[in-house]
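Coordinates in review
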Amino acid sequence: MNSQLQKYLPRVHARLPAFILLTRLNRPIGTLLLLWPTLGALWLAAGGRPDWQLIVIFALGTLLMRSAGCCINDFADSHIDGDVLRTENRAIVTGQVTRKEAMLCFLGLCLAAFGLLLFTNVLTVWMSLGAVVLTAIYPFMKRYTHLPQLVLGMAFSWGILMTFTAQTGELPPATAWLLYVANCLWTVAYDTQYAMVDREYDLKIGVKSTAILFGDADRMMIGALQAMFLFAMFLAGGQFQLSAIYYLALFVAAGLFVYQQWLIRNRDTDACFRAFLNNHWAGLAVFVGVILSI
């Protein structure tokens, strides 16, 4: 396929690596962190038997919206990414993609995700507007508040509410909002670990984050957020009448959180990044626990 693309669409083939870099398709961790709680919520909304069409829609939608978020993030941060070691090779900074192209890519991916939702229902389509707004404003929040991670958590959790409207055709019940709050807590925890990697550079360029806000209490606050996430998910297990396998999955996730605390004990940037990446396994454990317990 690659050779055929090079033969018939040489310009597209030549630009493809730049747009893969822009959309982070080469780094799927963000998609996975978004995918597991979304699909888990879909399983719960459907009582263990989700429509296969909705599984496809939300899996693809997750990929598209995460990629769109990367585009608007690089658009917003194009003037500061070059001053941060971790981001100095991003596509806009190196000139592989222009800011205009990044914005067009963001709009195109949002439209593609919106097109998928046209196969659901009107309520879910309306709900999707919240996801777009949160995705669009998140990258700019680090200029105005030390809580951009909270906005990211709201954006990353919005799909949970949409799975309920798509599956049931009704506004999300209180149980769905419990899952939403739990996932917000978890997202703030792991994105604080991520922000710890850049804290030194963010302080120099004036970018705000929870890692800076928490200061020396960062490890304690991450632990508190992880504990609150586990407690909220414990309560959700009771609300959805899940079996003991689910609670075993929460125990596995708790063990992974302890391991993450060990990784970040000295606040080494590489170790903090490994702790962030490890959250994929925590999310997967909880997701598997859900589908085996309902």
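Before going into details, it helps to say that this report is about the structure given with it. These figures come from a predicted structure and were not determined experimentally. (Residues numbered from 1 in each chain as written. Predicted model: local features only at pLDDT ≥ 70, side-chain atom pairs only at ≥ 80, totals over all residues. Heavy atoms only, no water.)

1. Notes on the environment of Ile80
Residue placement: Ile80 occurs in the loop between helix H4 (52-76) and helix H5 (99-117). Along the chain, Ile80 and Tyr201 lie 121 residues apart, while their C-alpha atoms are 9.8 Å from each other. Other than its neighbours up to four places away in sequence, Ile80 contacts Arg143, Ile205 and Val207. (Helix = DSSP H or I, 4+ residues; strand = E, 2+ residues; numbered from the N terminus. Contact = heavy atoms within 4.5 Å.)

2. Quick look at the nonpolar core
Most often, soluble globular proteins keep nonpolar side chains buried together rather than apart. Leu22, Trp158, Leu179, Phe229 and Met233 are the most contacted members of the largest nonpolar core, which has 86 residues in total. The greatest single-element share of this core, amounting to 13 residues, is contributed by helix H8 (residues 174-205). Discounting chain neighbours no more than four positions away, the residues touching Met233 are Leu179, Ala182, Tyr246, Leu250 and Val286. (Core = buried A, V, L, I, M, F, W, Y, C linked by side-chain atoms within 4.5 Å. Buried < 20%, exposed > 50% of the residue type's maximum accessible area, 1.4 Å probe, protein only.)

3. Let's talk about empty space enclosed by the protein
What the rule picks out here adds up to one cavity of 30 Å³ or more. Taken as a whole, the largest cavity holds about 170 Å³ of empty space. Surrounding the largest cavity, 15 residues form its lining, Trp36, Pro37, Asn183, Met233 and Val286 being those nearest its centre. At the level of secondary structure, the elements contributing two or more residues to the lining of the largest cavity comprise helix H3 (29-45), H8, helix H10 (218-239) and helix H12 (269-291). For the lining of the largest cavity, the element with the highest residue contribution is H3, accounting for five residues. For the lining of the largest cavity, a count of residues per class yields twelve nonpolar, three polar and no charged. (1 Å grid on protein atoms, 1.4 Å probe; cavity = no way out; pocket = protein on both sides within 12 Å on 5 of 7 lines; lining within 4 Å. Points joined across faces, edges and corners; volume = space filled by probe spheres on them. Nonpolar A, V, L, I, M, F, W, Y, C, P; charged D, E, K, R; others polar.)

4. As for the packing of aromatic side chains
If you walk through the whole model with that rule in mind, you get 15 aromatic pairs. Where Trp186 meets Phe229, the ring centres are 5.5 Å apart and the plane angle is 25°; that geometry is what we call stacked. Placement of Trp186 in helix H8 and of Phe229 in helix H10 is noted, with a sequence separation of 43 residues between them. In this pair, the class of Trp186 matches that of Phe229, namely buried. The interplanar angle of 70° and the centroid separation of 6.0 Å between the aromatic rings of Phe229 and Phe257 together place this pair among those described as edge-to-face. Placement of the pair is Phe229 in helix H10 and Phe257 in helix H11 (residues 244-263), with a sequence separation of 28 residues. By the burial criterion, Phe229 is buried, and Phe257 matches it. (Phe/Tyr/Trp six-rings, centres within 6.5 Å; stacked < 30°, edge-to-face > 60°.)

5. Description of a nonpolar patch on the surface
Together, Leu16, Ile20, Leu25 and Leu63 make up a nonpolar patch on the protein surface, roughly 290 Å² of accessible area in all. Take Leu63: it is sitting in helix H4. (Patch = residues over 30% accessible without salt bridge, like charges linked within 9 Å, V, L, I, M, F, W, Y side chains within 5 Å. Areas by Shrake-Rupley, 256 points an atom, 1.4 Å probe, with all protein chains shown as cover. Salt bridge = Lys/Arg side-chain N within 4 Å of Asp/Glu carboxyl O.)

6. Some details on the layout of surface pockets
The computed volume of the second largest pocket comes to approximately 280 Å³. Lining the second largest pocket, in full, are Leu85, Arg86, Met196, Val197, Asp198, Arg199, Glu200, Tyr201, Arg267, Thr269, Asp270 and Phe273. Broken down by element, the residue count for the lining of the second largest pocket peaks at six residues, all from H8. Classifying every residue of the lining of the second largest pocket gives five nonpolar, one polar and six charged.

7. Some words on the pattern of salt bridges
With the rule as written, the count across this model stands at nine salt bridges. Here Arg143 makes a salt bridge to Asp77, at a shortest N to O gap of 3.4 Å. Here the residue Arg143 occupies a position in the loop between helix H6 (122-141) and helix H7 (148-168), and Asp77 occupies one in the loop between H4 and H5, the gap between them amounting to 66 residues. Using a relative accessible area of 31% as the deciding quantity, one classes Arg143 as partly exposed. Take Asp77: its relative accessible area is 2%, and that puts it in the buried class. Several salt bridges converge on common partners, so that one network encompasses Arg24, Asp74 and Arg90.

8. Quick word on H6
In a regular helix each residue adds 1.5 Å, so 20 residues correspond to 28 Å; H6 covers 30 Å between its end C-alpha atoms and thus fits that length. All of the buried residues in H6 are Thr124, Val125, Met127, Ser128, Ala131, Leu134, Thr135, Tyr138 and Pro139. Buried residues along H6 sit in contact with H4, H5, H7 and H8. (Expected span 1.5 Å × (residues − 1).)

9. A closer look at the state of the cysteines
Two cysteines joined by a covalent bond between their sulfur atoms form a disulfide. Counted by the stated rule, this structure contains zero disulfides. A disulfide-free cysteine, Cys105 has its sulfur positioned 3.4 Å from the sulfur of Cys71, the nearest such atom. Left unpaired, Cys110 is separated from the closest cysteine sulfur, that of Cys71, by 8.7 Å. (Disulfide = S-S within 2.5 Å.)

10. Some remarks on unusual backbone geometry
The phi dihedral of Gln241 is positive, around 55°, even though this residue is not glycine. Considering the arrangement of structural elements, one finds Gln241 in the loop between H10 and H11. By relative accessible area, Gln241 is classed as exposed at 71%. Even without being a glycine, Arg267 presents a positive backbone phi close to 60°. Mapped onto the elements, Arg267 comes out in the loop between H11 and H12.

The values reported here are purely geometric and, on their own, carry no functional implication.
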